[in-house]
Amino acid sequence: MDEKLRNLRNDIETGQMPEDLDILIFESFSKLGIDEVSVRSSANVEDGTKASFAGLFETVLNVKESDLIASIKKCWASLYNLGAITYARYQNIPIYSMKMGLLVMEMLDPTKAGVLFTKDVANKNEAVCVIEAVEGLGDKVVDGLGDPDKIIVNKVTNSIISQTKKIMALEEILNLVTIAKKIEEKYGQPQDIEWAIDKKGELLILQTRPITT
């Protein structure tokens, strides 16, 4: 199956983009008025209450105009990577029902970024938030490649239970937790939140999804 999937991905990545779509993409990129973007996959089967596909589809960072079409095709093709197809079968999701969209977004240059879970999944403790933070882009946390500052915060008292490093200041932690609790309340269930802090000190919420593990 892996060979068939590789061939399918290759067909997508080397295929010809329809001319009218190609033109529209570059016109839209030009209107952004920026040099680099991130191209993020967004499949219709992601982030449900029972299945998340977290980390299984492609995201391409620091994409310049010259690499835009190739990056879009790479994200489209990632719908058919072995990990995603195997997970879909495990979740009894029909392969034919899977569709891939994507987002082309301004590329951030954050001072720090990471993820926040509005509960401690390992200990099944919904009274705390668990934050993992790194300097720079948060992909090191998402991909499991970094050595993050791990912070556990009591959601009731907003007190810091533990912190492994000092990447995040107290004010940043409390601001993030306050917003995370509002997001959890809005969606009515624990959330897995990606966030970043830009060079102006502004907190940006990049994505939120239900915790499905």
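All figures in this text were calculated on a predicted structure; none of them were measured in a lab.

Enquirer: Could you give an account of the packing of aromatic side chains, naming the residues involved and the relevant values?
Expert: Counted according to the given criterion, the structure contains 0 aromatic pairs. The lysine or arginine in question, lysine 186, covers the ring of tyrosine 187, its NZ or CZ lying 5.8 Å from the ring centre.

Enquirer: Can you break down the sheet that holds strand E1 (residues 36–43) residue by residue, with the values?
Expert: Ordered by their spatial adjacency, 3 strands build an open sheet running E2-E1-E3, and the pairing between neighbours is antiparallel. The strands lining the two open edges of the sheet, one partner per strand, are strand E2 (59–64) and strand E3 (100–106). Across the sheet, the mean angle from the axis of one strand to that of its neighbour is 25°, orientation sign disregarded. Where E1 lies against E3, 7 bridges are found, and the strand directions are antiparallel. What sits directly across from serine 42, in E3, is glycine 101.

Enquirer: Can you explain the environment of leucine 5? Please cite residues and give values.
Expert: The topology assignment puts leucine 5 in helix H1 (residues 2–14). In this structure the C-alpha to C-alpha distance between leucine 5 and asparagine 81, which are 76 residues apart in sequence, comes to 6.5 Å. Those residues in contact with leucine 5 that sit more than four places away from it in its chain are Tyr80, Asn81, Leu82 and Ile85.

Rules of the game
- Residues numbered from 1 in each chain as written.
- Predicted model: local features only at pLDDT ≥ 70, side-chain atom pairs only at ≥ 80, totals over all residues.
- Heavy atoms only, no water.
- Phe/Tyr/Trp six-rings, centres within 6.5 Å; stacked < 30°, edge-to-face > 60°.
- Lys NZ or Arg CZ within 6 Å of the ring centre and 35° of its normal.
- Pairing = 2+ DSSP bridges.
- Helix = DSSP H or I, 4+ residues; strand = E, 2+ residues; numbered from the N terminus.
- Axes fitted to C-alpha atoms, helices over the stretch in contact; angles between N-to-C directions.
- Contact = heavy atoms within 4.5 Å.

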